[in-house]
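Reading the structure
So you can see what is in the structure, the chains are spelled out below.
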Amino acid sequence: MNRLTRYMLKQQLIMMVFVTLGLLCVIWLSQSLRFVEMIVNRGLSISVFLQLTSLLLPSFLTIIIPIALFFVIVFTYNKLIQDRELIVMRSAGLNQWALAKPALMVALLSTGVCYFLTLFYLPYSYQQFKELQFSIRNDFSSVLLQEGSFTELDGLTVYVREVGRDNELLGILVHDSRNPDQQTTMMAKHGALLRTDEGPRIVLLDGNRQEVNAEDGTMSILYFDRYAVDIAHSSEDPALRYQEARERSVYNLLTAEVPDINPNDIGAFRAEGHDRLISPLNAIAFASIALAVLVSSSFSRRGQNGRLLLAIGVMVLCQAMSIGMKNLAAKNPALIPLMYANAFLPILLGLYWTMRGPQVQAKRAATEEAEA
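Cut-offs used in this document
Residues numbered from 1 in each chain as written. Predicted model: local features only at pLDDT ≥ 70, side-chain atom pairs only at ≥ 80, totals over all residues. Heavy atoms only, no water. Helix = DSSP H or I, 4+ residues; strand = E, 2+ residues; numbered from the N terminus. Buried < 20%, exposed > 50% of the residue type's maximum accessible area, 1.4 Å probe, protein only. Contact = heavy atoms within 4.5 Å. Areas by Shrake-Rupley, 256 points an atom, 1.4 Å probe, with all protein chains shown as cover. Phe/Tyr/Trp six-rings, centres within 6.5 Å; stacked < 30°, edge-to-face > 60°. Axes fitted to C-alpha atoms, helices over the stretch in contact; angles between N-to-C directions. Left-handed = near helix turned anticlockwise from the far one by under 90°. Nonpolar A, V, L, I, M, F, W, Y, C, P; charged D, E, K, R; others polar. UniProt positions renumbered as here; feature names shortened; annotations may be inferred. Salt bridge = Lys/Arg side-chain N within 4 Å of Asp/Glu carboxyl O. Core = buried A, V, L, I, M, F, W, Y, C linked by side-chain atoms within 4.5 Å. Expected span 1.5 Å × (residues − 1).

**Observations concerning the overall build of the protein chain**
Scanning the protein chain from N- to C-terminus turns up 13 helices and six strands. Expressed as a percentage of its 372 residues, the buried residues of the protein chain come to 43%. When contacts within the protein chain are restricted to residue pairs at least 6 apart in sequence, those whose partners lie at least 24 apart make up 61%. Accessible area for the protein chain stands at about 20,300 Å²; split by element, carbon and sulfur atoms hold 60% of it.

Below you can see the structure in the form of structure tokens.
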């Protein structure tokens, strides 16, 4: 690796890190707004909120990295063209491969990172996200600590007058209508909320339990010193929860017969599995598009705006076609080869056009050099 290659590679790697982090922060802020409701209404702690939102980042990185790489290459080579550095490099004897080599090295590195995310880390992180989300949605302990409000919990109505020190509950009323034939009402002077292996439970101290007989309308009252009420919202085992496509491995998505997949979801799951294998190639495809437009062209005094817009337009078109092909393949598996064609064609055509080099007429080249 010569000095010029190291110089260009260093520039692109540093910019790649900053652009990726910048885009990731923007995406994280926009997506985290969806979970603000959990902080406001469910009393979710900041640490759990950060953990929940951070588990979504790998799914965004697989999209952000190829786009960030594209803009880094476009900015870097456009700057080299504007500063006449690319002309100097060509005059020093560097061919098209030498000029494109740093960008392709960064593209291969980005592709490797994306493959690690899509094949290994993405299923793990998204599964952890869904399990944590499931746990939060089915654990209403934080809601119960809200003072002076009635809370409906899947057949339970809970009221707490005041929350004392150490989360002691004062003035508790619990109406249990989960069994319509045996509805009960419990009142207690104080109590506490406990989390057990079977789910959250509220412990009532110094209270009474009232039940009305549905047949004769008589009411029975039971006074107690200690009484525990199970307030678990769902008895479903998180391990038995139906896993979405992003939670599964590529092997699980592409296996011919998987009994735990809904037959209606097989097409979408297969498309997701193939997309996991294809999407990391967008890094090389987008890099090839940028190189084909910028490195294969000659210097122009009129500027690079037209070429930049062309490169951005082709990149956006490829990204849109990638999303469209995935949706179509989910409905019709026969269209899956088009997903691979949409990934490999930009790479082959872009690299061919890049290595082809500047193709200008002699008269035009002479005019451009005279104007320079």
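**Comments concerning the packing of aromatic side chains**
All told, the structure shown has seven aromatic pairs when counted by the stated rule. Ring geometry for Phe116 and Phe120: centres 6.3 Å apart, planes at 35°, overall tilted. One end of the pair is Phe116 and the other is Phe120, both in helix H6 (residues 96-137) and four residues apart, which spans about a single turn. For Phe116, a relative accessible area of 46% gives the class partly exposed. With 6.4 Å between their ring centres and 10° between their planes, Phe116 and Tyr121 make a pair best called stacked. Given the relative accessible area of 34%, Tyr121 is considered partly exposed.

**With respect to the packing of helix H9 (residues 266-278) against helix H11 (residues 305-331)**
Any two packed helices are characterised by the angle at which their axes cross and by the distance between the axes. It is at 7 Å that the axes of H9 and H11 come closest, and there the two elements cross at 145°. Viewed along their axes, H9 and H11 form a crossing whose handedness is right-handed. Counted together, Gly267, Ala268, Ala271, Glu272 and Asp275 of H9 and Ser322, Lys326, Ala329 and Ala330 of H11 form the full contact between these two elements. Residues belonging to the contact of H9 with H11 are distributed by class as follows: four nonpolar, two polar and three charged.

**Examining the side chain of Thr5**
Positionally, Thr5 belongs in helix H1 (residues 3-32). Sequence-distant contacts of Thr5, that is, excluding residues within four places in its chain, are made with Ala98, Lys101 and Pro102.

**Thoughts on the UniProt feature "transmembrane region" (unreviewed entry) in the protein chain**
According to UniProt, the "transmembrane region" (unreviewed entry) feature falls on residues 56-77, 98-122, 277-296, 308-328 and 334-354. Helix makes up 95% of residues 56-77 and strand makes up 0%, while its end C-alpha atoms are separated by 32 Å. Counted over residues 334-354, helix gives 90% and strand 0%. Its end C-alpha atoms are 32 Å apart.

**Comments concerning the pattern of salt bridges**
Under the definition given, this model contains eight salt bridges. Here Glu211 and Arg209 are joined by a salt bridge, their closest N and O atoms 3.2 Å apart. Salt bridges here are not isolated pairs; linked through shared partners, they connect Glu272, Asp275, Arg276 and Lys326.

**Details of the nonpolar core**
Formed by 62 residues in total, the largest nonpolar core has its most connected members in Leu69, Phe70, Ile73, Tyr77 and Leu291. Top contributing element to this core by residue count: helix H4 (residues 57-82), with 14 residues. Those residues in contact with Leu291 that lie beyond four places of it in its chain are Ile73, Tyr77, Ala100, Ala103, Leu104, Ser296 and Thr354. Val160, Val174, Met186 and Val229 belong to the second-largest nonpolar core, a separate cluster that totals 15 residues.

**Concerning H1**
With 30 residues, H1 should reach 44 Å at 1.5 Å per residue; the first-to-last C-alpha distance of 43 Å fits that figure. Regarding H1, the residues found buried are Thr5, Met8, Leu9, Gln12, Met16, Thr20, Leu24 and Ser32.

**Considering the environment of Met186**
Here Met186 shows up in strand S4 (residues 184-196). Residue classification places Met186 among the buried residues on the basis of a relative accessible area of 2%. With 28 residues separating them in the primary sequence, Met186 and Val158 have C-alpha atoms 9.6 Å apart. Among residues more than four places away in sequence, those in contact with Met186 are Ile172, Leu173, Val174, Asp176, Leu204, Asn208, Arg209, Tyr227 and Val229.

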